[in-house]
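Structural characterization, general
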Amino acid sequence: METKLKLPVGIEFFKDIRTRGYYYVDKTGLIRDLLRGGGSVSLITRPRRFGKSLNMDMLKAFFETGTDEALFEGLEIAKEQELCRQYMGKFPVVSLSLKDVEGEDFQTACDQLEILISEEAERFAFLLESDRLAQTEKQKLSRLMEGGFEKQAYLHNSLRLLTRLLYKHYNRQVIVLIDEYDVPLDKAYYNGYYPKMVSLIRSLLSQGLKTNPYLHFAVITGCLRIARESIFTGFNNFKVRSLTDEEFAAYFGFTDTEVTDMLKYYGVQEAFEKIKKWYDGYRIGGADVYCPWDVVNQCDKLRISMDAPMEAYWANSSSNAIVQEILEKADAGTKDQIEALISGECITKELMPELTYTDLDSRDAQAREDYLWSVLFASGYLTEAADRRNGNYLLRIPNLEVQGIYEKKIRSWFQMKITGHTQRWEQFCQAVKSGNADDMQKLFQEFLDASISIRDTCVHKDKKENFYHGILLGLLQSEGSWVVKSNAESGIGYTDILIMIPAERKGCVIEVKYAEKGAFDAACAKAVQQIKECGYERELFKDGIQAVYQYGIACYKKSCKIVKA
């Protein structure tokens, strides 16, 4: 039996993938296109988990002095024999990932950056023995290696110093790789020290990359393109490859062919359509790509069991705070557009190509809204649906996984908003446990009036039912003394919501239906019939519940009807 390569779940080091038996989706063509594309400083922006870190480590493995050429045997770049002869293993490389530079205050973040610089400097400890460096230069390197800088100026100058020392030792210009450059800025904004961090990152990059005679070229990656005025002031020969640029489009993310090949290799090609619906849908520079983090993780589950459910890996790798931010600041117009997106429609927006976090707090409502939509696009929560129209972007939610993020955040927002009205929420719970369908309907209708609804569009009916199911479930689960189960197995099949109130020996069975075109009576009747035919109440009686109320609930847009069986 053939031993299959392992899937590289969480493996970010190119050498590990190539030497320890992992499956590799060949992205080495990026090296060729990067060398041919020119630009002394290249900024590549992509959403998180789209392979930025692995590609940066691949660049390091290719260019760095003393590399193992066997790492690239059989890969696309190996076909470029002249490029390999000129560039493979020929350059000193400084490589920094800023993804862990964070802290609740500025000093803590600075300390994290100092540690990072110190660890990178330690990689070049051999320079302390170099006969091409002066003693004073070796002392400066020792200071970098020790960390705990007495003056912040040492930190600001650290990148330029490393490139100068490496240049003098090798007599060759240096390649600089900086991954996730905007993470410290994001953390700084949310923790209240954004201006100080902007100043630090601007100084570090400016001294290290701008008019630096020791620099061959630099590649920087991040999620957002922070405005030149904030970070990249005065940079010459500066090239940006964002989500809308064709160059490098297919090197971050998996293409249809790459996903198909991976699934066939592991014998799980039957799952292709599901994987496409869940993880595809991103349009980058005209190329259609999947989120690689999702595909690798799900393929790893499927190779063990074809019955493995589809999971939200990308969604669970971040707090998704920006979606919550939009909802908290949403006016009626924004809510309407979110409803359209969740319902499978597109919206047209003029996006900001460059961003500053301070735009989020702008007093100009239009500027603030443009910023929010621009960040959702740059971060992967929205994607282009088609070519631009008069400079505007036609946007949509890329796939089922991301749609789930919106729905989850909306339900969370809705739940907090409604349960904040304690009296009305308590009245609703009282109506549920006492069998008062009329009061339930009146109060749930008031809740829906304040919520975002699912429109009657192309979204499948099951998806619409799940949305209202989720809102109702959030309301009921807020009552901590109740046992609330969702899609619990009971009788024949599964009921939407099962409630047990142990203290009162009461229970409830709830079935939710979407009332197509407002046909509430028919939908409620269908829900009640399903409850009776399937015997959903049996599970409650088994657990000692003595009184069970059965509710059929029909929803359509922002209206509802509730009947008791």
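Below you will find a few notes about this structure. Worth saying up front: this structure is predicted, and the values here are computed from it rather than measured.

About the thresholds
- Residues numbered from 1 in each chain as written.
- Predicted model: local features only at pLDDT ≥ 70, side-chain atom pairs only at ≥ 80, totals over all residues.
- Heavy atoms only, no water.
- Helix = DSSP H or I, 4+ residues; strand = E, 2+ residues; numbered from the N terminus.
- Buried < 20%, exposed > 50% of the residue type's maximum accessible area, 1.4 Å probe, protein only.
- Contact = heavy atoms within 4.5 Å.
- Areas by Shrake-Rupley, 256 points an atom, 1.4 Å probe, with all protein chains shown as cover.
- Lys, Arg positive; Asp, Glu negative; His and termini not counted.
- Charge placed at Lys NZ, Arg CZ, Asp CG, Glu CD.
- 1 Å grid on protein atoms, 1.4 Å probe; cavity = no way out; pocket = protein on both sides within 12 Å on 5 of 7 lines; lining within 4 Å.
- Points joined across faces, edges and corners; volume = space filled by probe spheres on them.
- Salt bridge = Lys/Arg side-chain N within 4 Å of Asp/Glu carboxyl O.
- Axes fitted to C-alpha atoms, helices over the stretch in contact; angles between N-to-C directions.
- Parallel < 35°, antiparallel > 145°, perpendicular 65-115°, else oblique.
- Left-handed = near helix turned anticlockwise from the far one by under 90°.
- Nonpolar A, V, L, I, M, F, W, Y, C, P; charged D, E, K, R; others polar.
- Expected span 1.5 Å × (residues − 1).
- Polar contact = N/O pair within 3.5 Å; in protein donor to acceptor, adjacent residues only side chain to side chain.
- Phe/Tyr/Trp six-rings, centres within 6.5 Å; stacked < 30°, edge-to-face > 60°.
- Lys NZ or Arg CZ within 6 Å of the ring centre and 35° of its normal.
- Core = buried A, V, L, I, M, F, W, Y, C linked by side-chain atoms within 4.5 Å.

**Let's talk about the overall build of the protein chain**
Check the secondary structure of the protein chain and you find 21 helices and 15 strands. With the C-alpha coordinates aligned to their principal axes, the bounding extent of the protein chain is approximately 90 × 60 × 50 Å. The buried share among the 565 residues of the protein chain stands at 55%. In the protein chain, the proportion of contacts linking residues at least 24 apart, taken out of those at least 6 apart, comes to 72%. As displayed, the protein chain offers around 24,500 Å² of accessible surface, 45% of which is attributable to carbon and sulfur atoms. Across the protein chain, the 74 positively charged side chains and the 82 negatively charged ones have centroids separated by 1 Å.

**Regarding the layout of surface pockets**
In this model, the largest pocket occupies a volume close to 1,200 Å³. Forming the walls of the largest pocket are 50 residues, and the residues nearest its centre are R48, R49, K52, E180 and C223. Residue assignment for the lining of the largest pocket shows that the elements contributing at least two residues are helix 3 (52-63), helix 8 (183-191), helix 12 (292-302), helix 13 (321-329) and helix 15 (365-378). No other element matches helix 8, which puts 5 residues into the lining of the largest pocket.

**Considering the pattern of salt bridges**
For the coordinates displayed, the defined rule picks out 27 salt bridges. Across the pair R32 and E80 runs a salt bridge, and its minimum N-O distance is 3.8 Å. Taken together, the residues span a long stretch of sequence, with R32 in helix 2 (residues 29-37) and E80 in the loop between helix 3 and helix 4 (81-87) at a distance of 48 residues. Looking at R32, the relative accessible area reads 12%, which means it is buried. One salt bridge connects E247 with R241, and the closest N-O pair in it is separated by 3.1 Å. Note on E247: relative accessible area 29%, which makes it partly exposed. When salt bridges with common partners are traced through the structure, they connect R32, D33, R36, E76 and E80 into a single cluster.

**Here we look at the packing of helix 10 (residues 256-265) against helix 11 (residues 272-279)**
Between helix 10 and helix 11, the least distance of the axes is 11 Å, while the angle of their chain directions is 135°. With respect to each other, helix 10 and helix 11 are oriented oblique. As for how helix 10 packs across helix 11, the hand of that crossing is right-handed. Here D256, V259, T260 and L263 of helix 10 lie close against helix 11, whose contacting residues are F272, I275 and K276. Looking at the contact of helix 10 with helix 11, its residues break down into 4 nonpolar, 1 polar and 2 charged.

**Digging into helix 5 (residues 106-122)**
The end-to-end C-alpha distance of helix 5 is 24 Å, a good match for the 24 Å that 17 residues give at a rise of 1.5 Å each. Buried within helix 5 we find F106, A109, C110, L113, E114, L116, I117, S118, E120 and A121. With a side-chain oxygen lying 3.2 Å from the backbone nitrogen of Q107, the N-terminal cap of helix 5 falls on D105.

**Details of the packing of helix 7 (residues 152-170) against helix 9 (residues 194-209)**
Put simply, helix 7 and helix 9 touch, their axes get as near as 7 Å, and they point 30° apart. The orientation of helix 7 with respect to helix 9, classified from their angle, is roughly parallel. Like other packed secondary-structure pairs, helix 7 and helix 9 cross with a definite hand, here right-handed. Residues L155, H156, N157, S158, L159 and R160 of helix 7 lie in contact with helix 9, whose contacting residues are S199, L200, S203, L204, Q207, G208 and L209. Of the residues belonging to the contact of helix 7 with helix 9, the class tally is 5 nonpolar, 7 polar and 1 charged.

**Things to note about the packing of aromatic side chains**
All told, the structure shown has 33 aromatic pairs when counted by the stated rule. Pairing F124 with F126 gives two aromatic rings, centres 6.3 Å apart and planes at 80°, and the pair type is edge-to-face. Three or more aromatic residues link up through ring pairs in this structure, and these residues are F14, Y24, F62, F63, F72, Y87, F91 and F217. Stacked on the ring of W314, the Lys or Arg R48 has its end atom at 4.0 Å from the ring centre. Positioned over the ring face of W293 is R49, at 4.0 Å from the centre of the ring.

**Brief notes about empty space enclosed by the protein**
Counted under the stated rule, the structure contains 1 cavity of 30 Å³ or more. The computed volume of the largest cavity comes to approximately 50 Å³. Among the elements that take part in the lining of the largest cavity, strand 6 (residues 282-284) stands out by supplying 3 residues, more than any other.

**Quick look at helix 9**
The end-to-end C-alpha separation of helix 9 is 22 Å, in line with the 22 Å expected for 16 residues at 1.5 Å each. Those residues of helix 9 lying buried are Y194, M197, V198, L200, I201, S203, L204, L205, S206, G208 and L209. Those residues of helix 9 that are buried are in contact with strand 1 (41-45), helix 5, helix 7, strand 3 (174-179), helix 8 and strand 4 (215-222). Directly beyond the C-terminal end of helix 9, a positive phi value near 45° is found at T211.

**Some words on the nonpolar core**
One recurring pattern in soluble globular proteins is that nonpolar side chains are buried together. Of all hydrophobic cores here, the largest spans 132 residues; its most connected members are L209, F428, F444, L476, I499 and Y551. The element best represented in this core is helix 9, accounting for 8 residues. The residues contacting F428, other than those within four sequence positions of it, are M440, L443, F444, F447, L472, L475 and L476. A61, Y87, V93 and I175 belong to the second largest nonpolar core, which has 33 residues in total.

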